[in-house]
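# Breakdown of the fold
Here's the letter readout for the chains.
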Amino acid sequence: MADPATQLSQWDFRRFERSDLTPMLQQYVEVKAQHPHCLLLYRMGDFYETFLADAEIVSRELEIVLTGRQAGDKIGRIPMAGIPHHALERYCAQLIDKGYAVVICDQVESPEQAKERARQAKAARRSKTDGDAPLLPLLLEDSEQLTWEDAESALVRRAVTRVLTPGTVLEDQLLVGRRNNYLAALVQAGECWGLAFADISTGEFQVTQLESAEALVQELLRLQPAEVLMSSDAPDPLVLLRPGEASSERPECLPSQFCYTLRPRRYFELDEARRLLLETFGVRSLEGFGCENLPLAVRAAGGLVQHLLETQRGVSIPLEGIRTYTLSQYLILDHQTRRNLELTQTVRDGAQYGSLLWALDRTRTVMGGRALRRWLLQPLLDIRAIGRRQDSVAELHNEGLLRERLQRILESVYDLERLAGRCGSGTANARDLVALGESLLKLPALAEAVAASTSPYLKALQSIPVELERLGEKLRRTLVDTPPLILTEGGLIRAGVHPELEGMRRQLVEDRDWLVDLEARERARTGIQTLKVGFNKAFGYYLSISRGKAEKAPPEYLRKQTLTNEERYITPELKERETRILNAQQQTNQLEYEIFNILRQEAGRHVSALRQVARRVAALDALAGLAEVAVYHDYCRPVLGEGREVHIEAGRHPVIEQAIPAGFFVPNDARMGGQAEPDLIILTGPNMSGKSSFIRQVALIQLLAQVGSFVPARKAVLGVADRIFTRVGAVDDLATGQSTFMVEMTETANILNHATPRSLVLLDEIGRGTATFDGLAIAWAVAEYLASHIRCRTIFATHYHELNELASVVSGVANYQVTVQELADRIVFLHRVTPGGADRSYGIEVGRLAGLPSSVVARARTVLAQVEQHSQIAVGLRDSNGNASGPTAG
Ligand SMILES: Nc1ncnc2c1ncn2[C@@H]1O[C@H](COP(=O)(O)OP(=O)(O)OP(=O)(O)O)[C@@H](O)[C@H]1O
């Protein structure tokens, strides 16, 4: 059998005999052994150090210098890389972003405490043994010579204080403000899956059960979780599969682009999961959460909570109750559709600029930004819920001054949702509490502004819980405006807040004044005008006299240090005062920290109320932004009904119209799905005329309407759609090794298998990825199937003009074209959609515009003329009388 040790990398910690390592590295390896798959950041003074293989990874990933450290006589130097403690969050953010889990091991006592402990231990040993133990040849953390045993006990005690995995971070710097950070957990049983996901920074926690791996993958792609937990036979320590990492543990159906964490199966057992959930939420049954009878969902949720317990290390689990949902509550958008419609990022470069979110996001708070993003990715089906959002957009649209007033207030509201979470988990720092206080103090102004409002989302903010106002006031009253980040060095609490603190501070001032006076007193007494009082870390306060005057130093001055130009002295009186000052300073800092802690706990007790208000503020912000866009870009309120019609008058593409100069966008109508109207539109037109833009525009208007937004049109009456499907463009899916055409056909098959009469289907150039005749044949058959079998509303953009024949064969099909104007030497794109079919593509014209050499353009024209002359494609679909033949009945 292969020796497992030989498979370990050169610097794997498991290769080393612990007793060969220095005491400090033994301590390190002990901690590392409990977290073998995580990067261990080990606090040493002002640095977090990494050693061995971790050091190599960290230095490579963070581009920091790889140094070395002596690890013991037998081992020699080992790799080491460190980051300054104040930059911890920034560097952790980078590591987590790259899919690593990071364990923070902190010093839990000061070096002085450790030394004192060691001295006592040494004294105790001395009194027990006769002779001295052999002395260590090197000087360790102290100037005293120590034995190995002493050195071990002199080691500063350290403990793991945090385990950071991509889905369990709470720190501001580790999160993206305008995006949720989801931790997901999966449980599989046959075809079915349980899915739980939570954003622990905002407290959101949802569960569902899904009937196929395909549905699960679509949900994962919507959520884009930072980390996915999976039950496995893996051992207890965390095993993280970084994005793209191959592993037999991950079922093939799951996309490799996420970071997966393997957890033992017992975390996901039903009884254990249920028990943990009941205990965590302090309830007697899961019925209130709606998941009592959804065992897979419960198991996933239990595994998720168990993971949090392990990574949060005693920090209370900052989750609200569980919300159970089903996919059928929302408009279903598959991943391809969200991608094709460029809802949150563009296909070309993945940027937000140029996406629908970019065009619509006028939010003033990051939580408003998160809400809008969620809404766009998950539009609604319930007309009443949509109506509530529309009513609020309408009020904010009509009341411009009110909207502007609200938005001005929102500009100074911080991320209440996440601040609340950090208070609840006890991880908030003083700046967080100041931001929380400032934000809370804005709420009364919001409430006052909406006092007379009538729409639901505005009315929800009319009354602010009085305890939150009081909390805001208290925070402002107690904390200084810009407190330091470090909580234990004072400077947090305002003057005049706490009588005991005041007394201590007064005493400190008096003692310091005594020092200032001391300088004058001693100068007068000794007659040395250059005498000064100074301070340094090594030996505290001292009196300094220039070398020339040193002989005049009084006898009670004890020389402590000689420098080139000065002598430094101490006196018993000075030392006594110094001890007093340092003790007083420490006690003051400690008291400040205690006052801060009590305040933080008090804020933490309001976490639920804070989050509820935060969610309302976020929704108001998102709606105000939608209203602003509606005003500035002249959107209308769509009328939504239970019917199937898509009636859009003078519709525009919300993104393109903002990207091109004002007034250049040509509005177009769309009418389908109503009485005596087509269900399927065949849209032809030259290249570059605007076919793709038109079909996307129809989809986006439908989607925006179901988000509750106004839409870019003069008028819109729309039936609620259950799904929107798009099949657009041709992109190789290199990741899964599928060809362009295979991807196209897979997506088309998905549409044909899942579309219903209530769906809206947008197809762009089906069949283009294969030989012309095959492509045309497939396009024809697909269009025919959609029109005559599924009868969903479809727009089918194509260059196959032959498809225009379909309208005369199948009822409910109509032809539209995007028109161009043909001038003597060029064509002008009118971007106007009109009834009728185009018979030319002007592809060669577009090639000429794009700069093809003129000889190639001329040759293409000749070839086209010949091909057209001999083409019989459409003829084959006609019967002997010249009529188009219909689909076979079936
Ligand atoms: N209604 C419109 N008003 C103004 N400009 C438009 C309009 N529709 C489209 N455009 C502009 O025309 C360009 C081409 O549009 P689009 O890509 O939709 O054409 P297409 O007909 O799908 O072309 P192809 O067949 O080559 O894919 C777009 O980049 C857009 O800027």
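Look a little higher up for the structure.
One structure accompanies this document, and this report is about it. Just so it is clear, the structure is predicted and the values come from calculations on it, not from any experiment.

### Focus on the overall build of the protein chain
From N to C terminus, the protein chain includes 27 helices and 28 strands. Along the first, second and third principal axes, the C-alpha set of the protein chain runs to 125 × 75 × 70 Å. In the protein chain, which comprises 890 residues, the proportion classed as buried is 52%. The contacts of the protein chain with a sequence gap of at least 6 include a subset with a gap of at least 24, amounting to 69%. As presented, the protein chain carries roughly 41000 Å² of accessible surface, and 50% of it is formed by carbon and sulfur atoms. Considering the protein chain, the positive charge centre built from 102 side chains and the negative charge centre built from 113 side chains are found 3 Å apart.

### Here we look at the site of the ligand
Taken together, 15 residues lie around the ligand, and V666, M688, K691, S692 and S693 are the ones closest in. For the ligand, a nitrogen atom lies 2.8 Å from a polar atom in the backbone of V666. S692 is positioned such that a nitrogen or oxygen atom in its side chain is 2.5 Å from an oxygen atom of the ligand. Burial of the ligand by the protein amounts to 77% of the accessible area it has alone, namely 640 Å². Across the shell around the ligand, the residue classes tally to 6 nonpolar, 7 polar and 2 charged.

### Quick word on the side chain of Q390
Summarising the element assignment, Q390 is placed in helix α12 (residues 383-398). Within the structure, the side chain of Q390 is placed 3.4 Å from the side chain of R637, a separation counted as a polar contact.

### Concerning the pattern of salt bridges
Taken as a whole, this structure holds 41 salt bridges when the rule is applied. R275 is paired through a salt bridge with E279; the nearest N and O atoms lie 2.7 Å apart. With R275 and E279 both in helix α7 (residues 270-281) and 4 residues apart, this pair spans about one turn of that helix. According to the relative accessible area criterion, R275 is partly exposed, its value standing at 39%. Residues E628 and R364 are paired through a salt bridge, measuring 3.1 Å at the closest nitrogen-oxygen approach. Here E628, found in helix α21 (residues 607-632), pairs with R364, found in the loop between α10 (356-360) and α11 (366-377); they are 264 residues apart in sequence, far enough to count as distant. Owing to a relative accessible area of 11%, E628 belongs among the buried residues under this scheme.

### Concerning the packing of aromatic side chains
Evaluation of the coordinates by the stated rule reveals 12 aromatic pairs. Between W11 and F16, the aromatic rings sit 6.2 Å apart at their centres with planes inclined by 15 degrees, giving stacked as the arrangement. With relative accessibility at 18%, the residue F16 sits in the buried group. Seen from their ring centres, Y557 and Y569 are 5.5 Å apart, and the 50 degrees between their planes marks the pair as tilted. Taken together, the residues Y557 in the loop between β16 (540-546) and β17 (558-562) and Y569 in strand β18 (residues 566-570) connect sequence positions 12 residues apart. Neither residue differs from the other here; Y557 and Y569 are each classed as buried. Looking at R389, its charged tip hangs above the ring of W375, at a distance of 3.9 Å from the centre. The ring of W514 has R577 sitting right over it, with the charged end atom 4.3 Å from the ring centre.

### Examining the pairing of strand β1 (residues 39-44)
The side chains of a regular strand alternate between both faces of the sheet. The element β1 is extensively covered by neighbouring structure, given that 6 of its 6 residues are classed as buried. Side chains L39, L41 and R43 of β1 all project onto a buried face; the interleaved residues L40, Y42 and M44 project onto the opposite face, where all are buried too. When β1 meets strand β5 (residues 102-107), the two strands line up parallel, connected through 4 bridges. In the sheet register, L39 faces β5, and the bridge partner there is V102. Examined bridge by bridge, β1 and strand β2 (residues 47-51) share 3 bridges and lie antiparallel to one another. The partner of Y42 across the bridge, within β2, is E49. Hairpin connection of β1 to β2: 2 residues between the antiparallel strands, including G45 at a positive phi of 60 degrees.

### Some words on unusual backbone geometry
Here D634, not a glycine, exhibits a phi torsion of approximately 60 degrees, which is positive. Here D634 lies in the loop between α21 and β19 (639-641).

The rules behind the values
- Residues numbered from 1 in each chain as written.
- Predicted model: local features only at pLDDT ≥ 70, side-chain atom pairs only at ≥ 80, totals over all residues.
- Heavy atoms only, no water.
- Helix = DSSP H or I, 4+ residues; strand = E, 2+ residues; numbered from the N terminus.
- Buried < 20%, exposed > 50% of the residue type's maximum accessible area, 1.4 Å probe, protein only.
- Contact = heavy atoms within 4.5 Å.
- Areas by Shrake-Rupley, 256 points an atom, 1.4 Å probe, with all protein chains shown as cover.
- Lys, Arg positive; Asp, Glu negative; His and termini not counted.
- Charge placed at Lys NZ, Arg CZ, Asp CG, Glu CD.
- Near = heavy atom within 4 Å.
- Polar contact = N/O pair within 3.5 Å; in protein donor to acceptor, adjacent residues only side chain to side chain.
- Nonpolar A, V, L, I, M, F, W, Y, C, P; charged D, E, K, R; others polar.
- Salt bridge = Lys/Arg side-chain N within 4 Å of Asp/Glu carboxyl O.
- Phe/Tyr/Trp six-rings, centres within 6.5 Å; stacked < 30°, edge-to-face > 60°.
- Lys NZ or Arg CZ within 6 Å of the ring centre and 35° of its normal.
- Pairing = 2+ DSSP bridges.

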